[in-house]
Amino acid sequence: MTDTFNPGPDAVEIIEREECFRGFYRLDRFRLRHRQFSGAMGPVLSRELFIRHDAVCVLPYDAVTDSVVLIEQFRVGAMHKAVNPWLVELVAGLIDKDEEPEEVARREAEEEAGLQLTSLWPVTAYFPSPGGSDEFVHLFLGRCDSAGVGGIHGLEEEGEDIRVQVWPFEDALQAVRDGRINNAASIIALQWLALNRAEVRGLWG
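Just so we're clear, the structure is a prediction, and the values are computed from it rather than from any experiment. (Residues numbered from 1 in each chain as written. Predicted model: local features only at pLDDT ≥ 70, side-chain atom pairs only at ≥ 80, totals over all residues. Heavy atoms only, no water.)

A closer look at the nonpolar core
- Membership of the largest hydrophobic core comes to 30 residues, with the highest contact counts inside it found for Leu59, Val68, Leu70, Leu141 and Leu193.
- Those elements that provide at least two residues to this core are β4 (55-62), β5 (67-74), β8 (119-126), β9 (137-143), α2 (169-177) and α3 (184-204).
- Counting residues per element, this core draws most heavily on α3, which supplies seven residues.
- Leave out the neighbours within four places in its chain, and Val68 touches Leu59, Pro60, Tyr61, Gln165, Val166, Trp167, Phe169, Ala172, Leu190 and Leu193. (Core = buried A, V, L, I, M, F, W, Y, C linked by side-chain atoms within 4.5 Å. Buried < 20%, exposed > 50% of the residue type's maximum accessible area, 1.4 Å probe, protein only. Helix = DSSP H or I, 4+ residues; strand = E, 2+ residues; numbered from the N terminus. Contact = heavy atoms within 4.5 Å.)

Observations concerning a nonpolar patch on the surface
- A cluster of nonpolar side chains, contributed by Phe74, Val76, Met79 and Trp86, occupies part of the molecular surface with about 400 Å² of accessible area.
- Residue Trp86 is classed as partly exposed on the basis of its relative accessible area of 44%. (Patch = residues over 30% accessible without salt bridge, like charges linked within 9 Å, V, L, I, M, F, W, Y side chains within 5 Å. Areas by Shrake-Rupley, 256 points an atom, 1.4 Å probe, with all protein chains shown as cover. Salt bridge = Lys/Arg side-chain N within 4 Å of Asp/Glu carboxyl O.)

Things to note about the UniProt feature "domain: Nudix hydrolase" (unreviewed entry) in the chain
- The sites that UniProt annotates as "domain: Nudix hydrolase" (unreviewed entry) are residues 51-189.
- As annotated, residues 51-189 comprises 20% helix and 36% strand, and the C-alpha atoms at either end are separated by 24 Å. (UniProt positions renumbered as here; feature names shortened; annotations may be inferred.)

What to know about the side chain of Asn183
- With respect to the element layout, Asn183 can be found in the loop between α2 and α3.
- Among the polar contacts listed, one links the side chain of Asn183 to the backbone oxygen of Val88, at a separation of 2.8 Å.
- There is a polar contact of 2.6 Å between the side chain of Asn183 and the side chain of Ser186.
- Excluding anything up to four places from it in sequence, Asn183 contacts Val88 and Glu89. (Polar contact = N/O pair within 3.5 Å; in protein donor to acceptor, adjacent residues only side chain to side chain.)

Some remarks on the packing of aromatic side chains
- If you walk through the whole model with that rule in mind, you get seven aromatic pairs.
- On the numbers, 4.8 Å between centres and 65° between planes, the contact of Phe5 with Phe37 is edge-to-face. Of the two residues, Phe5 sits in the segment before β1 (12-22) while Phe37 sits in the loop between β2 (26-34) and β3 (45-51), which places them 32 residues apart along the sequence.
- A centroid spacing of 5.6 Å and a plane angle of 70° characterise the contact between Trp121 and Trp204, whose relative ring orientation is edge-to-face. One end of the pair, Trp121, is in strand β8; the other, Trp204, is in helix α3, and 83 residues separate them in sequence. (Phe/Tyr/Trp six-rings, centres within 6.5 Å; stacked < 30°, edge-to-face > 60°.)

Thoughts on a negative patch on the surface
- On the surface, Asp96, Glu156, Glu157 and Glu158 cluster together to form a negatively charged patch.
- Along the chain, Glu158 turns up in the loop between β10 (151-153) and β11 (162-168). (Lys, Arg positive; Asp, Glu negative; His and termini not counted. Charge placed at Lys NZ, Arg CZ, Asp CG, Glu CD.)

Some details on unusual backbone geometry
- The phi angle at Asp66 is positive, at roughly 55°, despite the residue not being glycine.
- Here Asp66 shows up in the loop between β4 and β5.

Quick look at the packing of α2 against α3
- Where α2 meets α3, the closest approach of the two axes is 10 Å, and the angle between their N-to-C directions is 130°. Classed by the angle they form, the pair α2 and α3 counts as oblique. Handedness of the crossing formed by α2 with α3: left-handed. Here Phe169, Glu170, Ala172, Leu173 and Val176 of α2 come into contact with α3, specifically with Ile187, Leu190, Gln191, Leu193, Ala194 and Arg197.
- Residues belonging to the contact of α2 with α3 are distributed by class as follows: eight nonpolar, one polar and two charged. (Axes fitted to C-alpha atoms, helices over the stretch in contact; angles between N-to-C directions. Parallel < 35°, antiparallel > 145°, perpendicular 65-115°, else oblique. Left-handed = near helix turned anticlockwise from the far one by under 90°. Nonpolar A, V, L, I, M, F, W, Y, C, P; charged D, E, K, R; others polar.)

Below, the structure written as structure tokens:
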């Protein structure tokens, strides 16, 4: 087992912070240096940081039918790197006001998929891209009844155009295997459910 690096409060020295852009998101440029594994301070580095609200993602799961509810929508970040930039994803939203992650999960499930979640199971929380963004993601499994779920959802005033579909769990897991589902939160949640499905179905089925 390797030793964990435990930096102290003086491990990072911010020399300068410049706001480069502010819109819905923000981009700041830092000049900083940080302590190295040797214990010495390293050289001055220039780094841009993409500043985002923290996010909540939830995989709605019907344990009775062993089905998941997934959404599909256009994603500008995939526009030039995917054959089809309409990605199959989890229900998701940003924590952009004074809300707990669980509140966001329930609200977004209703707005994006017309779903009422009766229970939430915390899966994990993680940094999706800490090399250049401070975004932190709270990931949940949500208990739902998938009967009659589907259609087009989303808030018109936000330009959302979201198609909702119910997938047999095994079909969704196969879509991860063959690359049709290719975004981090969906892959993590579906693989977590594959590992824990017996326990979840025992409690929620």
